[in-house]
Amino acid sequence: MIYVTVSYTCHYQPLCQVTHKCGQQVKDPVCLKSSTKHPFRLSLSVCQRDLTPCRFLGNRTQAVMQRALIGRSALLAQQAAVLDAPLFSRNAPVLQRLDRSMSSVTVPPPACLLRPLEAPLRYLFGPGPSNVPPRVLAAGGRPIIGHLHPEMYGIMNDIKKGIQYAFQTENKMTISMSGSGHAAMECAVFNAVEPGESVLVAVNGIWGERVAEIAERMGANVHKMVKAPGGYFTNKEIEQAVEKHKPVLFFLTHGESSAGLCHPMDGIGDICRKHNCLFLVDTVASLGAAPIYMDKQSKTPDNFPVLLLYTNLCEVFSVSCCFPGIDILYTGSQKALNAPPGTAPISFNERACQKMFNRKTKPVSYLFDMTHLSNYWGCDGKPARAYHHTGPVSGFFALRESLAILAETGLEESWRKHKEVSGYLQRGLEDLGLKLFIPERVSITSPQINDFIEKKIEIQGQANCKYCASRDFHIAGFETSLRNHHCYP
Ligand SMILES: Cc1ncc(COP(=O)(O)O)c(C=O)c1O
């Protein structure tokens, strides 16, 4: 037998709670007889799965109750039926009819949500997200705790330490954004720049373009240095542009995923310091795969060719890395860090803090205001951490775990592994007869797309779409005719 428990409430005062047998006729409970006021607010709970709505016989409460109870009962029954597909299909027409005629809601529950979630297991070779190790997935699946619980603060502190290690920095102003790489990008620009100030952006792919647009939107005076996708900027060109435009911020992408270029960094931090400009670097596509040392200007011993195998076959990096001091550095969780998308580490050094905490105007975004975020992350030295927003608890669990894996593996080993697989992939591409988009090994190894397509068509025989010859490949392109093309098997 199925039961429905009904709480009867009059003018927000609980009157009584009565359990009715479903499928049977019920009368008003005694408690209602003493009450003269309407309407009743009903709350219901179903004790067992039920596909049979209660039927009410009634007097004064009949209309209200019948409508609420039957409508609600039908909804609950539908939910229950999701777990019991054969039963549902038998009763679906009845339930739909009931829902439409009896429910107070006019928009029915979407049929797609009454089906189980489908998320296929798929190998991800695109620029990101990348496949997430089971250990990181399991961390993300742990029970939720409060975003202001002491344990959560502990986990956020661990994340901070993990980011400091990954960035090779001792900056105390190191946090993770609640959001994707774009959140970190906007946070950097919104906090470091005030409206009317000059910003210089190196554009050699889409990420420079994106930052230029973000800075324009918040009212900065944006100057672009433009090269064809995959082009390098020499230090001389950068210095000339900095001298000319006198920016407060210079932006450069380290791993320009749209072209496959990993830009050398040596000497640029010095130029920025000399001209009193902050140096902002995007490492969304390269952190963990290629060496980066936020704090110190040092050269890695040799050219350090790295190919990011987690990226797709069109985005193959080999990197020569020399890193000056960087004032603001950010990344994303979903690429070489192998965590789910949705969190984005970012760090600011003293110079950046000086600028952003001595502003005349408030940053345009409340959510991304570092005066609040620094407190939320316990970076401002204040004894209490206050509520600012509800952080993505599961995302932080997963990010912590991915940073733990990086700490256990060791940064140098992580770079070495990427270098090893890069060599493997490069040899494989060459064996296929593919040319690289940017030929110098020290900088880039994206295969040229026309060769790639022709080769694939040759290899696979039949085409499923304009660009992709088979179900076995996925081409994601940002440039020229492939911009925004994503073809999944
Ligand atoms: C170099 C680079 N910067 C920024 C982003 C933006 O990151 P998100 O998509 O996480 O917002 C990406 C994403 O592909 C990227 O490759």
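All of the points below concern the structure found in this document. Everything numeric here is computed off the predicted structure, so don't read it as measured data.

A few words on the overall build of the chain. If you tally the helices and strands in the chain, you get 14 helices and 18 strands. Residues classed as buried in the chain amount to 43% of the 489 residues present. Once local pairs closer than 6 in sequence are excluded, the contacts in the chain between residues at least 24 apart make up 69%.

It is the contact of helix H5 (residues 150-167) with helix H12 (residues 393-409), at a shortest axis distance of 9 Å, that shows an interaxial angle of 40°. The orientation of H5 with respect to H12, classified from their angle, is oblique. Pair H5 / H12 crosses with left-handed handedness. Listed contacts from H12 to Met152, Ile155, Met156, Asp158, Ile159, Gly162, Ile163, Tyr165 and Ala166 of H5 are Val393, Phe396, Phe397, Leu399, Arg400, Leu403, Ala404, Leu406 and Ala407.

Ordered in space as E6-E16-E15-E12-E9-E7-E8, the seven strands form an open sheet in which the pairing is mixed. Each edge of the open sheet carries a strand with a single partner, namely strand E6 (173-178) and strand E8 (221-226). The average angle at which neighbouring strand axes cross in this sheet is 20°, direction not considered. In the sheet, strand E7 (residues 198-203) pairs with strand E9 (residues 249-253) via three bridges, with the strands oriented parallel. The residue bridging valine 199 from the neighbouring strand is leucine 249, located in E9.

Our focus in this paragraph is H5. Helix length check: H5 (18 residues) gives 26 Å between terminal C-alpha atoms against 26 Å at 1.5 Å per residue, within 8%. Burial in H5 covers these residues: Ile155, Met156, Ile159, Lys160, Gly162, Ile163, Ala166 and Phe167. Across the axial projection of H5, the buried residues extend over an arc of 165°, all falling on one side. Residues of H5 that are exposed and point over 90 degrees away from its buried face: Pro150, Glu151 and Gly154. Those residues of H5 hidden inside the fold are in contact with E6, strand E15 (328-330), strand E16 (343-348), H12 and helix H13 (411-431).

The next point concerns the site of the ligand. Inspection of the region around the ligand gives 14 residues, with Ser180, Gly181, His182, Ser257 and Val284 positioned closest. Of the residues belonging to the shell around the ligand, the class tally is five nonpolar, eight polar and one charged.

Backbone geometry places glutamine 168, a non-glycine residue, at a positive phi of 55°. Looking at where glutamine 168 falls in the secondary structure, it is placed in the loop between H5 and E6. Accessibility expressed as a C-beta count within 10 Å gives 17 for glutamine 168, which makes it partly exposed. Here lysine 246, not a glycine, exhibits a phi torsion of approximately 45°, which is positive. Taking the C-beta count within 10 Å as the criterion, lysine 246 has 14 such neighbours and is therefore assigned partly exposed.

With that out of the way, let us pick up the nonpolar core. The biggest cluster of nonpolar side chains holds 85 residues, and the ones touching the most others in it are Ala188, Ala192, Val201, Ala215, Phe250, Leu280 and Ile328. At eight residues, the largest contribution of residues to this core is made by helix H6 (residues 181-192).

For a regular strand, side-chain orientation follows a simple rule: the groups alternate between the two sheet faces. Most of E6 sits inside the fold, with six of its six residues counted as buried. Inspection of the sheet shows E6 paired to E16 by six bridges, in the antiparallel sense. Within E16, the position partnered with threonine 174 by the bridge is serine 347.

What follows covers H6. With twelve residues, H6 should reach 16 Å at 1.5 Å per residue; the first-to-last C-alpha distance of 17 Å fits that figure. Counting buried positions along H6 gives eleven out of twelve residues, so the element sits mostly inside the fold. For H6, the set of buried residues is Gly181, Ala183, Ala184, Met185, Glu186, Cys187, Ala188, Val189, Phe190, Asn191 and Ala192.

This part takes up the pairing of E7. Among the six residues that make up E7, five are buried, leaving the element largely enclosed by the rest of the structure. In terms of handedness, the path from E7 via helix H7 (residues 206-217) over to E8 forms a crossover that is right-handed.

Glancing now at the environment of alanine 407. With respect to the secondary-structure elements, alanine 407 resides in helix H12. For the pair alanine 407 and tyrosine 165, spaced 242 residues apart in the sequence, the C-alpha separation amounts to 7.6 Å. With sequence-adjacent residues up to four places away left out, alanine 407 is seen in contact with Gly162 and Tyr165.

Moving on, we get to the environment of alanine 339. Here alanine 339 is to be found in the loop between E15 and E16. Residue classification places alanine 339 among the buried residues on the basis of 30 C-beta atoms within 10 Å. A C-alpha to C-alpha distance of 7.9 Å links alanine 339 and leucine 137, two positions 202 residues apart in sequence. Residue contacts for alanine 339: discarding those within four places in its chain leaves Val132, Val136, Ser333, Gln334, Ala398, Leu399 and Ser402.

Geometry of a packed helix pair, given as the angle between the helix axes and the separation of the axes. Following both chains from N to C, one finds H6 and H7 inclined at 45°, their axes separated by 10 Å at the closest point. Considering their axes alone, H6 and H7 lie oblique with respect to each other. Crossing geometry of H6 relative to H7 is assigned as right-handed. Every residue of H7 that contacts H6 at Met185, Glu186 and Val189 is listed here: Arg210, Val211, Ile214 and Ala215.

How each quantity is defined
Residues numbered from 1 in each chain as written. Predicted model: local features only at pLDDT ≥ 70, side-chain atom pairs only at ≥ 80, totals over all residues. Helix = DSSP H or I, 4+ residues; strand = E, 2+ residues; numbered from the N terminus. Buried ≥ 20, exposed ≤ 12 C-beta atoms within 10 Å, placed from the backbone. Contact = placed C-beta atoms within 7 Å. Axes fitted to C-alpha atoms, helices over the stretch in contact; angles between N-to-C directions. Parallel < 35°, antiparallel > 145°, perpendicular 65-115°, else oblique. Left-handed = near helix turned anticlockwise from the far one by under 90°. Pairing = 2+ DSSP bridges. Expected span 1.5 Å × (residues − 1). Arc of directions from axis to C-beta. Near = placed C-beta within 6 Å. Nonpolar A, V, L, I, M, F, W, Y, C, P; charged D, E, K, R; others polar. Core = buried A, V, L, I, M, F, W, Y, C linked by C-beta atoms within 7 Å. Right-handed = clockwise from strand over helix to strand, strands pointing away.

Spatial relationships are all this shows, so hold off on functional conclusions.
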